[in-house]
Amino acid sequence: MRTSKSMQRSVRRQLDEKLALSTPQQDLLEELASKCTSDPNPDNTFQYAFALSKSRDKSELQYSISMLDSLVKNGYEHQVDCMFGSATAHYILGEYDETRSLCEAILRNRPENEAAAQLHTAALSAKDDQDEKMVRDIAIGGTAAIAAVGLALLLGKKR
């Protein structure tokens with residue numbers, strides 16, 4: 001699905017707003033963790049991991065990814081949901097290539113999955129912005145380095 005950069009940015013803004021509003025409350029996470037500990041079954045693990053996948057805490061996001069990936073490897077019946085939760089956590093962590101890869105895997109099997117399509121588009125937009133920023137930073141750094149060399153040469157001639 002090819003879209004314009006402005007359309008990608010719009011989808012990304014909408015998704016970022018949704019994710020900001022869906023950050024799990026600490027009491028919910030504690031309840032799900034307790035449930036997962038007292039009755040460790042795949043459904044409880046999935047509920048806890050999926051809730052963590054929308055956290056803003058890096059360690060919780062990484063833990064969520066490990067649990068969701070483990071569920072997929074162990075053949076959990078809701079594999080697409082696990083992959084989507086993992087893709088969401090990767091997106092929040094700024095790991096846009098991994099997000100894109102997971103969304104593409106989902107869309108190969110479920111092309112009608114609108115949530116995966118939106119996350120994929122947002123990841124493309126975020127990666128583009130990240131790459132553009134890196135190019136700008138390199139250009140600014142190069143310009144500063146050239147100016148420093150010029151200044152050093154100028155000061156060297158004055159001595």
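Up top you'll find the structure we're talking about.
Thresholds, definitions, all that
- Residues numbered from 1 in each chain as written.
- Predicted model: local features only at pLDDT ≥ 70, side-chain atom pairs only at ≥ 80, totals over all residues.
- Heavy atoms only, no water.
- Helix = DSSP H or I, 4+ residues; strand = E, 2+ residues; numbered from the N terminus.
- Buried < 20%, exposed > 50% of the residue type's maximum accessible area, 1.4 Å probe, protein only.
- Polar contact = N/O pair within 3.5 Å; in protein donor to acceptor, adjacent residues only side chain to side chain.
- Contact = heavy atoms within 4.5 Å.
- Expected span 1.5 Å × (residues − 1).
- Arc of directions from axis to C-beta.
- Phe/Tyr/Trp six-rings, centres within 6.5 Å; stacked < 30°, edge-to-face > 60°.

A. Summary view of the side chain of N44. Residue placement: N44 occurs in helix α3 (residues 42–52). Classification of N44 by relative accessible area gives buried; the value is 8%. There is a polar contact of 2.8 Å between the side chain of N44 and the backbone oxygen of D39. Excluding its chain neighbours within four sequence positions, the residues that come into contact with N44 are K35, C36 and D39.

B. Region of interest: helix α2 (residues 26–38). Over its 13 residues, α2 runs 18 Å from end to end, which matches the ideal 18 Å to within 8%, given 1.5 Å per residue. Buried residues of α2: L29, L32 and C36, and no others. For α2, the angular spread of the buried residues around the axis is 70 degrees, confining them to a single face. For α2, exposure combined with an orientation more than 90 degrees from the buried face picks out D27, E30, E31, T37 and S38. Where α2 is buried, its residues meet α3 and α4 (58–73).

C. Here's a closer look at helix α5 (residues 79–92). Taking 1.5 Å of rise per residue, the 14 residues of α5 would be expected to cover 20 Å, and the 20 Å separating its terminal C-alpha atoms lies within 8% of that figure. Buried residues dominate α5, accounting for 11 of its 14 residues. Within α5 the residues assigned to the buried category are V80, C82, M83, F84, G85, S86, A87, T88, A89, H90 and Y91.

D. Structural detail: the packing of aromatic side chains. In the structure shown here, the tally under the stated rule is four aromatic pairs. A ring pair is formed by F46 and F50, whose centres lie 5.3 Å apart and whose planes are at 35 degrees; its orientation type is tilted. Residue F46 and its partner F50 are located together in helix α3, separated by four residues, close to a single helical turn. A relative accessible area of 13% places F46 in the buried class. For F50, a relative accessible area of 22% puts it in the partly exposed group.

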